[in-house]
Structure formats: structure tokens, C-alpha cells
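Single-letter residue listing:
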Amino acid sequence: MKAKVSQISPDKLYASLLKRKSEQEQQARLKSPIVTTNKYLVPSNRNGSGNSKIEAKKTRPTSGKDLKDISSVLLKKTHARQNSKLIETKENTQNLSANALSLLLKIKQDKPETKQPVIQQNKDIFNQQAISKKYQKLMEMTKQQQQSIVKSKLFKGPRSISNPDISNLQLYIKKANGLSSPGMLYNGQSKTNQDIYKLINKFINKENDWYIQVSDGHGTNGHQVAQFLQQVLPSFIEQGIMSISSCYDRDKQINTILKNCFIQTNEELLDSGIDVTYSGATTVTVISFENVLYCANIGDSRAIIGRFDNKLSVIELSKDHKPDCFLEQARIIQRGGRVQAYSDEDGNPVGPARVWKSDEDVPGLAMSRSFGDYVASQVGVICEPEIIKHALLPCDKFIIVASDGIWEFLSNEWVVETVYEYYKKDDTQGACQRLVQAAKEAWQREDEVIDDITVVIAFIK
């Protein structure tokens, strides 16, 4: 007996296949987060014969109900495809982050720990150098600003209350005195005094301005040269200072005036009729403009200040011009002279260095700058002064200007200590007498002759 075969319509068969396919894909998605589907939603039966396209065409739905079912399946599959891509991307990102983190940790462990402090140290050094440069620049600017303020106020009027400076203290010379004593020859007889000094109060007609000058002559006509300088040089300087009409750059103007006055005085000396072939004089001048001093010097006379600031100290206003000073000697040699002391029978040097012509034993001058001295001037001895400016301070107590008769055997420190005792008693004359007497005694102990001795002492208020 033949079995009865049920007849199933093609539409039902197609719907059954689609349902089974959908259930299989759903189960596959639940098992794995990554969903891989066929592009055309139908099973791929490619076996090389090309029947897959024909079967798909034969099984294509025709009714509206079938089309609706297929649309829902397509929608579900589309969501599944998108979700699968999102899940895959998220997992890949997490994997990459984990790998990157592990790699960074490994690099950090392998990296030397000493590099960071070294870099920081170099950076710190760079910062310190930059700060140091800025600080130095700031200090220079501050110094220049202070100098400009002091300079402008020094000559242009009194200070302001908010910006005090030393110019308003009104420091000046309150009293001064001088003393000159002739020297002694080998035979014990007194010699002609070739030293001379000059004191002018109310210089250029100002109450607190002073002019101090000490000249020390040498040679046969040295006393005449010193007297000539006492008369001519102060008048030239006074005329020059009074000709200043502007306070602008006053220091430079005063320096120029002093140099020109020294040179002009020397020219007048050469035309005066005094024989200065082997005669001349050294000179030191100190000009006091209230609390400012200008010292112009040629030769080996000297000016100093006695200062008391918890202890006594010496402030030099001038420098001795000796032939064996480096710059002085270089100039003399360059102009055809030589520097050499006297020598005994065995060729040993005796006494101070002196200036000589290169081919003759003349003139034998013991200083490198002076007035007159015509022969010495041909081999580098000049009359241009060295000028030093000094602003007085409250601790500056007195000024000492003297010829080399004082300074030959008495030290600056001893002189200041001695004068200070008389300063406390306000006795300028007693101080002068004490220094002259001490200098004579020192010459008698140290030499067979006594040089001329001259000193001027001024007390500062």
C-alpha cells in the first residue's frame, strides 16, 4: 500500500525555511558576541554550477504577508550587524588600551631615574644665571641713576627732603694754617728756603671756598720758580673757575681748567726770564668748593685727608710722581730719557731714582713731573697735573698738604694720628709746629742734611 504524501504549498515551505534560518542565527548570536552573516540573507550554495542564483529567483516571495515577514527579518539582521560591529570596536579599543598601558609601564620601569634630576639641575643653573645677569644689570642701572642724581644735586641746588644726599650737609673748611721751615746744608748752615705755600679764604668770593697750594723748588733758581708759581698759578685758576657759566658737566670743565692753567703757568715761567735750565718746582693744590675738593698735583708733594669713622684712616688726595713709577718711567724712556739712581764706587744704587738724558748724566731730577726743568722736559718730564676729586663726608676731619720734607721720613698714618690730637683741641697752628719739628728730627736721624719743610693743615666743619 502506497504511503500518502502530503502536499505542501511553496509559500509555506519558503516561510518555514526562513523561520528555521532565523532561529539558527539567533542561537549563533547568543553563543558568540561577533555576528557574521551572509550579505544576501540566503544560504550560499555555490559549488561551481551557478545554481544558487536560480534557486534564489525561484524562491522569491510574491505575497504582501511574505514581504512583511522578510522586512522584519532584514531589520533584525541589520541591528544585529551594527551591534556586532559596536561590540567588536569596543573590545578592540579595550585591548589596545590595555596593551598601551602595559607598554608605558614597561618603558617607565626601564627608564633611568637619574635623568630627571639632572635635567632639573641644569634648568635650575640656567635660572640662577639668568637671575644673576638681571641682578647685575639692575645694580648697574641703579648705580648710574644714583651718580646722576648726586651729580645734578651737587651743583644745581639743595637736596629734596624725600631724597637726601651728602650735598646738603654743608661740609667745608672752617679754619686753616701753614708753616714753612728752611733746610740745612752739610756744613750745618741754613739754606735758602725753596718751599712756599699759599692760603686763600673766600676763593672766587665765596664764603666757604678755600685755595691751598704748596710748591717745592729745586735747583739753583728753585726758590724763584716757587715764588713765581705762588703769584701766577692761583690767579689763572681763579679766572678759569669764574668763567664757568653752566653747571652742566662741571667736573669736566674744572679738570680742563686746572690742566690748562698748569700748562699756561709753565709757558709763562719759560718766558719770565728765570733760568729754568736745571731749576723747577713741584706743586700740589687743593681747591675746596664747600663739600667738594679738587686736588691737582705734579711732583712729590702730597695731600691727604684724616678720617675718623670708629677709627682713624688716611684718604690720599694725590699720588707722588716718581721716575721709577711704571707709567712715568715708560713715558721717559719713550722720549729718549733713562731712569737710574746715583751709584757708589761699586756700582750699587744710592738714593732715589732719577731722570737722565740717555747720552749724558744730566739733569738727575728726582721727580717725573714739575714746572720748569727745561732739560728734563726734553726727555719726558711734564707739567700736566693729575687731578683727583673728593666729596667730603662727615667722618672727614682735616686736610694735610705738605712738601716732601714732611713725607720723606714720616708715614701718612703717623701724621694723621698726630694731627688728630690737635684737631680735638681745635689747634691748627700747634699741629703744624708739631709736624715740622718731628720732620726735622727725622731728617737729622736719617740723613746728613735737612730738606725744606712746609705744611698746611685745614680743619673741616
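As a starting point, this report considers the structure included with it. Only a predicted model underlies this, so the values are computations on that prediction, with no experimental measurement involved. (Residues numbered from 1 in each chain as written. Predicted model: local features only at pLDDT ≥ 70, side-chain atom pairs only at ≥ 80, totals over all residues. Heavy atoms only, no water.)

1. A few points about the overall build of the protein
Now for step 1: From N to C terminus, the protein includes 11 helices and 14 strands.
Now for step 2: Considering the protein as a whole, with its 461 residues, one finds that 37% of them fall into the buried category.
Now for step 3: For the protein, the exposed area adds up to about 28,600 Å²; of that, 51% sits on carbon and sulfur atoms. (Helix = DSSP H or I, 4+ residues; strand = E, 2+ residues; numbered from the N terminus. Buried < 20%, exposed > 50% of the residue type's maximum accessible area, 1.4 Å probe, protein only. Areas by Shrake-Rupley, 256 points an atom, 1.4 Å probe, with all protein chains shown as cover.)

2. Side note on the packing of aromatic side chains
Now for step 1: Summed over all chains, the structure comprises 10 aromatic pairs.
Now for step 2: The interplanar angle of 20 degrees and the centroid separation of 6.1 Å between the aromatic rings of Y420 and Y423 together place this pair among those described as stacked. In this pair, Y420 and Y423 both sit in helix α10 (residues 412–423), 3 residues apart, roughly one turn of the helix.
Now for step 3: Since its relative accessible area comes to 13%, Y420 is described here as buried.
Now for step 4: With relative accessibility at 19%, the residue Y423 sits in the buried group.
Now for step 5: Ring centres of Y423 and F459 lie 5.2 Å apart, and the angle between their planes is 80 degrees; this geometry places the pair in the edge-to-face category. In this pair, Y423 is assigned in helix α10 and F459 in strand β14 (residues 453–460), connecting sequence segments 36 residues apart.
Now for step 6: Among the aromatic side chains, those forming a connected cluster through ring pairs are F308, F398, Y420, Y423 and F459.
Now for step 7: In this structure, R250 is placed above the aromatic ring of F289, and the distance from its NZ or CZ to the ring centre is 5.4 Å.
Now for step 8: Sitting over the face of the ring of Y422, K425 holds its NZ or CZ atom 4.6 Å from the ring centroid. (Phe/Tyr/Trp six-rings, centres within 6.5 Å; stacked < 30°, edge-to-face > 60°. Lys NZ or Arg CZ within 6 Å of the ring centre and 35° of its normal.)

3. Some words on the sheet that holds strand β9 (residues 349–357)
Now for step 1: One open sheet holds the 3 strands; their spatial order is β8-β9-β10, and the pairing between them is antiparallel. Looking at which strands have only one partner, the edges of the open sheet turn out to be β8 (337–343) and β10 (363–365). On average, each strand axis in the sheet is inclined to that of its neighbour by 40 degrees, with strand direction left out of account.
Now for step 2: Of the strand pairs in this sheet, β9 and β10 are connected by 2 bridges, and their pairing is antiparallel. In the strand pairing of β10, V355 is matched with L365.
Now for step 3: Its contacts with the sheet place helix α7 (residues 326–334) against β8 and β9, and it is angled at close to 115 degrees to β8. (Pairing = 2+ DSSP bridges. Axes fitted to C-alpha atoms, helices over the stretch in contact; angles between N-to-C directions. Contact = heavy atoms within 4.5 Å.)

4. Comments concerning the side chain of R307
Now for step 1: With respect to the helices, strands and loops of the structure, R307 is situated in strand β6 (residues 302–308).
Now for step 2: The contacts of R307, once residues within four sequence positions are left out, are L312, S313, I315, H390, L393, C395, D396 and K397.

5. Considering the sheet that holds strand β7 (residues 312–316)
Now for step 1: Strand order in the open sheet made by the 5 strands is β1-β14-β13-β6-β7, with antiparallel pairing throughout. Each edge of the open sheet is held by one strand with a lone partner, namely β1 (173–181) and β7. Ignoring which end each strand starts from, the neighbouring axes of this sheet average 20 degrees apart.
Now for step 2: Contacts from α10 reach β6, β7, β13 (396–402) and β14, with the element oriented near 115 degrees to β7.

6. Describing unusual backbone geometry
Now for step 1: For the bond running from V362 to P363, omega is 0 degrees, close enough to zero to count as cis.
Now for step 2: Within the fold, P363 resides in strand β10.
Now for step 3: Despite not being glycine, K202 shows a phi value in the positive range, around 55 degrees.
Now for step 4: Secondary-structure assignment places K202 in the loop between β2 (195–201) and β3 (210–218).
Now for step 5: At D373, a residue that is not glycine, the phi angle is positive and equals roughly 50 degrees.
Now for step 6: Within the secondary structure, D373 is located in the loop between β11 (371–372) and α8 (374–377).
Now for step 7: Residue class for D373 comes out buried when judged on its relative accessible area of 4%.

7. So, a negative patch on the surface
Now for step 1: On the surface, E408, E446, D447 and E448 cluster together into a patch of negative charge.
Now for step 2: You can see E408 is positioned in the loop between α9 (404–407) and α10. (Patch = residues over 30% accessible without salt bridge, like charges linked within 9 Å, V, L, I, M, F, W, Y side chains within 5 Å. Salt bridge = Lys/Arg side-chain N within 4 Å of Asp/Glu carboxyl O. Lys, Arg positive; Asp, Glu negative; His and termini not counted. Charge placed at Lys NZ, Arg CZ, Asp CG, Glu CD.)

8. Comments concerning the nonpolar core
Now for step 1: Core analysis: the largest hydrophobic core is formed by 31 residues, its most contacted members being I237, L258 and F371.
Now for step 2: Contributing elements (two or more residues each) for this core: α5 (222–242), α6 (250–270), β4 (280–289) and β5 (292–298).
Now for step 3: Examining the composition of this core, we find that 8 residues originate from one element, α5, more than from any other.
Now for step 4: Residues within four places of I237 in sequence aside, it is in contact with F203, Y211, I257, L258, C261, F262 and I287. (Core = buried A, V, L, I, M, F, W, Y, C linked by side-chain atoms within 4.5 Å.)

9. Points about helix α11 (residues 428–446)
Now for step 1: The terminal C-alpha atoms of α11, which comprises 19 residues, lie 27 Å apart, in line with the 27 Å expected from a rise of 1.5 Å per residue.
Now for step 2: Listed as buried for α11 are T428, G430, A431, C432, L435, V436, A438, A439, A442 and W443.
Now for step 3: Considering only its buried residues, α11 is in contact with β1, β13, α9, α10 and β14. (Expected span 1.5 Å × (residues − 1).)

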